[in-house]
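What follows is the residue order along each chain.
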Amino acid sequence: MISLRQVRWVSVLTTVILAASATAAAADPPDPPGGGATTGPSTGRPDGGDKPSGVRPDQRQRLLGKDWQRSEDRMWTTMGDATGFHVLVAEARTGYTWRTAASLSIQGVETDQWIGNVCVTASGRRAVVVYAPRTYTNRSDLFDRGGFTAVVDLVSGAVTDLPVRTTLAYFNPACGAGETAVLTQGGDGDLGRTRVMTVATETGALGRRIEVPGQLTSAIPTSAGIVAADSGALVRLDDDGTRHVVAPATGVPFHLTAASGGGVVFLDRTGDQSTVRRLARIPGRG
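In this convention, every chain numbers its residues from 1, walking through the sequence in written order. Residue-level local features of this predicted model are given only where pLDDT is at least 70; pairs of side-chain atoms are given and counted only at 80 or more, and the full residue set underlies all totals for whole chains, interfaces and linings. Only hydrogens and water are set aside; all other atoms, that is, all heavy atoms of the structure, feed into the side-chain values.

**Q** Is there a simple way to think about the pairing of strand 17 (residues 233–237) in this case?
**A** Side-chain direction in a regular strand flips from residue to residue, so the side chains alternate between the two faces of the sheet. Only protein chains enter the accessibility calculation, which uses a 1.4 Å probe. A residue is then buried if its area is under 20% of the maximum for its type, exposed if over 50%, and partly exposed in between. Helix numbering and strand numbering both begin at the N terminus, where a helix is a DSSP run of H or I of at least 4 residues and a strand a DSSP run of E of at least 2. In terms of burial, strand 17 is largely enclosed, as five of its five residues are buried. What you see with strand 17 is no split at all: Ala 233, Val 235 and Leu 237 on one side and Leu 234 and Arg 236 on the other are buried throughout. At least two bridges found by DSSP between two strands is the condition for calling them paired. Judged from the four bridges that link them, strand 16 (residues 225–230) and strand 17 form a sheet pairing that is antiparallel. Across the sheet, the residue bridging to Val 227 is Arg 236, located in strand 17. With antiparallel pairing between neighbouring strands as the criterion, strand 16 and strand 17 make up a hairpin whose turn holds two residues, including Gly 232 at a positive phi of roughly 75 degrees. Sheet topology note: the strand 17/strand 18 (residues 243–248) ladder contains five bridges and is antiparallel. The residue bridging Arg 236 from the neighbouring strand is His 244, located in strand 18.

**Q** I tried to follow the side chain of Asp 268 on my own but got confused; where do I start?
**A** Turning to its location among the elements, Asp 268 is positioned in strand 20 (residues 264–270). For the purposes of these results, a polar contact is taken to be a pair of N or O atoms within 3.5 Å, where, inside protein, one atom must be able to donate a hydrogen and its partner to accept one; residues adjacent in sequence count only when each atom of the pair is a side-chain atom. Only 3.4 Å separates the side chain of Asp 268 from the backbone nitrogen of Gly 251, close enough to count as a polar contact. Every residue in contact with Asp 268, bar those within four places of it in the chain, is listed here: Ala 249, Thr 250, Gly 251, Gln 273, Ser 274, Thr 275 and Arg 277. Contacts between residues were defined by any pair of non-hydrogen atoms, one from each residue, lying within 4.5 Å.

**Q** I would appreciate a short explanation of the sheet that holds strand 9 (residues 159–166) in the present structure.
**A** Through backbone hydrogen bonds, the strands of a sheet pair up, either in parallel or in antiparallel fashion. Within the open sheet, the four strands sit side by side as 6-7-8-9. Their pairing is antiparallel. Only two strands of the sheet have a single neighbouring strand rather than two, namely strand 6 (114–120) and strand 9. Looking at each pair of strands side by side, their axes are set apart by 25 degrees on average, direction ignored. Where strand 7 (residues 126–133) and strand 8 (residues 147–153) come together, six bridges link them in antiparallel fashion. When the bridges of strand 8 are listed, Arg 126 appears paired with Asp 153. Between N-to-C directions, angles span 0 to 180 degrees; the directions come from axes that are lines fitted to C-alpha atoms, helices contributing only their stretch in contact.

Remember, this is a structural readout, not a statement about activity or role.
Have a look at this one:
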C-alpha cells in the first residue's frame, strides 16, 4: 500500500499543478500562539507585482465574447511566500484581472515559505484551504495533522478559520459536487488510524469525526456519504468507521472526484498505466 510518507513532496508539486491548471483541493499537535492573519481582496498580479494583470480592455470584446461582462466564470490559483499562502482569483467580468482573495498565515509563526492545498466547491464561490510552513513536511506528525485549515469566500474575501488541523497530503482537502468538503487527519504511522470529517463550507460547521483503523486516502464527500481509497478498493464509510467496498481496484485508487449524478470518478493504476474508472452509483446508501 502506498504510504503517506511517499507523497509528502508530492503535496508541494500538486499545489503547483493545480495552480497551473486553474490559470490556462486523530490527535492534533499543539497550536502555536496567535491566530490566522488574513487580508481581504486586493488587485494585483499573481507574481506579486504592482501592475494589474488581465485581458486588456480594448481586447475583451474580441477575446472574451460579447457577454463577458455578465459571465460568472472565475479562475483561481495559489502562491506562497514568506508572508503567507495567497489565494488569488480572476473573474471574467473584470477581464480576468487577478486579485488576492485572501492571504493566510499564523501570527507568531515564521517561515521562508507557506505552502498548501486548495479545493473549490461546486458553486465556485468557496475555497477550502490547508496551509502551513513548508518545514512542516519534515515532521511526520505535522505533515499528517498539522496543517491549518480555513474556508475562504472567493467573492468577499471573508475567511473562516476551522478549529482543526489536517494533513498536508496532496488529496486534502477534497470538495464534492455541492458545498460540502472532506478533511483528513493522517495517523496510521503513529496512532494506527485515520480520521476524516466533513465541513459545511457555508457555515464552517464540522461534521462528526470518523475514525478508521489503518490508512485511508483521498476521502471525498458524496450523496451516499464519505468515499475513500483503500488498498485494492474504493470504500464507503459509515459514521462508526465501518468500511464497505463499493468498487474493487488493482491498486490504491487516487484522484477521486465526486460526479454530479452521485457517482465517483477515479484513477486506478496497474504498473505504469492508469485507467480512468467511473462508478455510476454508490451501492448501499443514497
